[in-house]
Amino acid sequence: MIYFLSDAHIGSRALEDWRQHQDDFAAKLLSLKQDATAVYLLGDIFDFWFEYFWRKPEGYETTLNALKTLTESGIEVHFFIGNHDIWTFGWLEKQTGVKVHKKPLSITINGKKCFLAHGDGIVPSYIMSIYPKNIQRKIKNFILLRKIFHNRFLQWSFRCFMPPAWGDKFGYNWAKRSREKELAHPVGYKGENQEELVLFAKEKEQSTHYDYYIFGHRHIELDLCLATNSRVIILGDMFKQWTYAQMDDKGNITLKNFE
Ligand SMILES: [Mn+2]
């Protein structure tokens, strides 16, 4: 079996007891061991992850050990960065044996062509033209922030000169605010003519065919047919809905929830 999951937001200070949440998440990861051949983690596994030069993220031993147990038992674990855990610079990979992906991945799994990505910053080319001015501004701000977060020089400066205690304080608060905002005003499924990831897949499908487009990021569960042989799957989350997708040997995918 191949498993796909995303958006655990481990360490979120917006959760009542993030350590308990981490224990639950790690237990679920370990339960995949029985029949998994590969596990794809599609982003935002951590709510804030930053590898400074002088100090590495702390408090995540439970998750790191679970990942290590999976890779050591011969399971491929693919870790996609999201928009909360962009800042891994090799340490996570070395500690756990996961393969880190910083870009969307186009890959054939069990005979099916898959387009895998976290989903932030993935929009159709005509995105601006379909939204009113105020939403356009929000999108532009997000894209600018994304550029700042992904900028190599700024990342290097932050790693070098930001005292980890300050950096963490900033990071955890920023992540907490975004989680609280989402919990207060959840943005549900916007419909297939509004949902950016669906629009992106529809546009892509006109030039390149994929059997599956699999994303995280939105914290909604979606399994939508674009055509008889093309589906968009959005993976929900791993803190409220506990969603995962499972692909069998024939390449059939089902969206499920952990107990
Ligand atoms: Mn995200």
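Residues numbered from 1 in each chain as written. Predicted model: local features only at pLDDT ≥ 70, side-chain atom pairs only at ≥ 80, totals over all residues. Heavy atoms only, no water.

Colleague: Can you walk me through the overall build of the protein in this structure?
Modeller: Secondary structure assignment for the protein yields 7 helices and 11 strands. A compact globule built from 259 residues should have a C-alpha radius of gyration of about 18 Å, and the protein, at 18 Å, falls within 12% of that. With the C-alpha coordinates of the protein rotated into their principal frame, the extents come out at 50 × 50 × 35 Å. For the protein, the proportion of its 259 residues judged to be buried stands at 49%. Counting contacts in the protein only where the partners sit at least 6 residues apart, residues at least 24 apart contribute 68% of the total. Surface exposure of the protein reaches about 12800 Å², of which carbon and sulfur atoms provide 53%. Here the protein holds 34 positive side-chain charges and 31 negative ones, and the gap between their average locations is 8 Å. (Helix = DSSP H or I, 4+ residues; strand = E, 2+ residues; numbered from the N terminus. Rg over C-alpha atoms; globule rule 2.2 N^0.38 Å. Buried < 20%, exposed > 50% of the residue type's maximum accessible area, 1.4 Å probe, protein only. Contact = heavy atoms within 4.5 Å. Areas by Shrake-Rupley, 256 points an atom, 1.4 Å probe, with all protein chains shown as cover. Lys, Arg positive; Asp, Glu negative; His and termini not counted. Charge placed at Lys NZ, Arg CZ, Asp CG, Glu CD.)

Colleague: When you look at the layout of surface pockets in this model, what are you seeing that I'm missing?
Modeller: Empty pockets left among the atoms are what a rolling probe the size of a water molecule brings to light. Its boundaries defined by the atoms lining it, the largest pocket holds a volume of some 1600 Å³. Residue assignment for the lining of the largest pocket shows that the elements contributing at least two residues are α4 (133–150), α6 (164–184) and α7 (196–205). Take the lining of the largest pocket: its biggest share by element is 9 residues, from α4. As a volume, the second largest pocket reaches approximately 530 Å³. Lining the second largest pocket are 22 residues, with Ile81, Ile86, Lys102, Lys103 and His150 sitting closest to its centre. Of all elements in the fold, only α4 and α5 (152–161) reach the threshold of two or more residues within the lining of the second largest pocket. When residues in the lining of the second largest pocket are grouped by element, the largest group, 4 residues, is from α5. (1 Å grid on protein atoms, 1.4 Å probe; cavity = no way out; pocket = protein on both sides within 12 Å on 5 of 7 lines; lining within 4 Å. Points joined across faces, edges and corners; volume = space filled by probe spheres on them.)

Colleague: Please explain the side chain of Gln22 as it appears in this structure.
Modeller: Mapped onto the secondary structure, Gln22 falls in helix α1 (residues 18–31). When its relative accessible area of 2% is taken as the criterion, Gln22 is described as buried. Not counting residues within four places of it along the chain, the set of residues in contact with Gln22 comprises Ile10, Gly59, Tyr60, Thr62 and Thr63.

Colleague: Could you clarify how one ought to interpret the packing of α1 against helix α2 (residues 61–72) in this entry?
Modeller: Two packed helices can be described by the angle between their axes and the distance between those axes. At their nearest, the axes of α1 and α2 sit 9 Å apart, and the two run at 5 degrees to each other. Classed by the angle they form, the pair α1 and α2 counts as roughly parallel. Here α1 contributes Gln22, Asp23, Phe25, Ala26, Leu29 and Leu30 to the contact with α2, which in turn contributes Thr62, Thr63, Ala66, Leu67, Thr69 and Leu70. In the contact of α1 with α2, the residues fall into 7 nonpolar, 4 polar and 1 charged. (Axes fitted to C-alpha atoms, helices over the stretch in contact; angles between N-to-C directions. Parallel < 35°, antiparallel > 145°, perpendicular 65-115°, else oblique. Nonpolar A, V, L, I, M, F, W, Y, C, P; charged D, E, K, R; others polar.)

Colleague: How do you make sense of the sheet that holds strand β10 (residues 243–247) when you look at a structure like this?
Modeller: Strand pairing in a sheet takes place through backbone hydrogen bonds and is either antiparallel or parallel in direction. If you walk across this open sheet you meet the 6 strands as β4-β3-β2-β1-β10-β11, and the pairing is mixed. Edge positions in the sheet fall to β4 (99–101) and β11 (253–257), since each has one partner strand and no second. This sheet shows a mean twist of 20 degrees between the axes of neighbouring strands, independent of strand direction. With 3 bridges connecting them, strand β3 (residues 76–80) and β4 associate as parallel partners. By the bridge assignment for β4, Phe79 is matched with Val100. (Pairing = 2+ DSSP bridges.)

Colleague: I would appreciate a short explanation of the pairing of strand β9 (residues 230–235) in the present structure.
Modeller: Both faces of the sheet carry side chains from a regular strand, because those side chains alternate between them. Most of β9 is tucked away, with 6 of its 6 residues classed as buried. Residues Ser230, Val232 and Ile234 line one face of β9 and the alternating positions Arg231, Ile233 and Leu235 line the opposite face, and both faces are buried. Bridge count between strand β7 (residues 212–215) and β9: 4 bridges; the pairing is parallel. Each residue of the ladder has a partner; that of Tyr212, found in β9, is Arg231.

Colleague: When you look at the sheet that holds strand β8 (residues 221–227) in this model, what are you seeing that I'm missing?
Modeller: Spatial strand order, β5-β6-β7-β9-β8: 5 strands in an open sheet with mixed pairing. Each edge of the open sheet carries a strand with a single partner, namely β5 (105–109) and β8. Within the sheet, the average angular offset between the axes of one strand and its neighbour, ignoring direction, is 20 degrees.

Colleague: For this particular structure, what's the right way to read the pairing of strand β1 (residues 2–5)?
Modeller: Across the two faces of β1 the burial is the same, with Ile2 and Phe4 and Tyr3 and Leu5 all buried. Two strands pair when backbone bridges link them, and β1 and strand β2 (residues 38–41) are joined in this way by 4 bridges, in the parallel orientation. Across the sheet, Ile2 pairs through a bridge with Ala38, a residue of β2. In this fold, the crossover linking β1 to β2 by way of α1 has right-handed handedness. As judged from the 3 bridges shared by β1 and β10, these two strands associate in the antiparallel manner. Paired with Phe4 across the strands is Ala245, a residue of β10. (Right-handed = clockwise from strand over helix to strand, strands pointing away.)

Coordinates in, geometry out; function isn't part of it.
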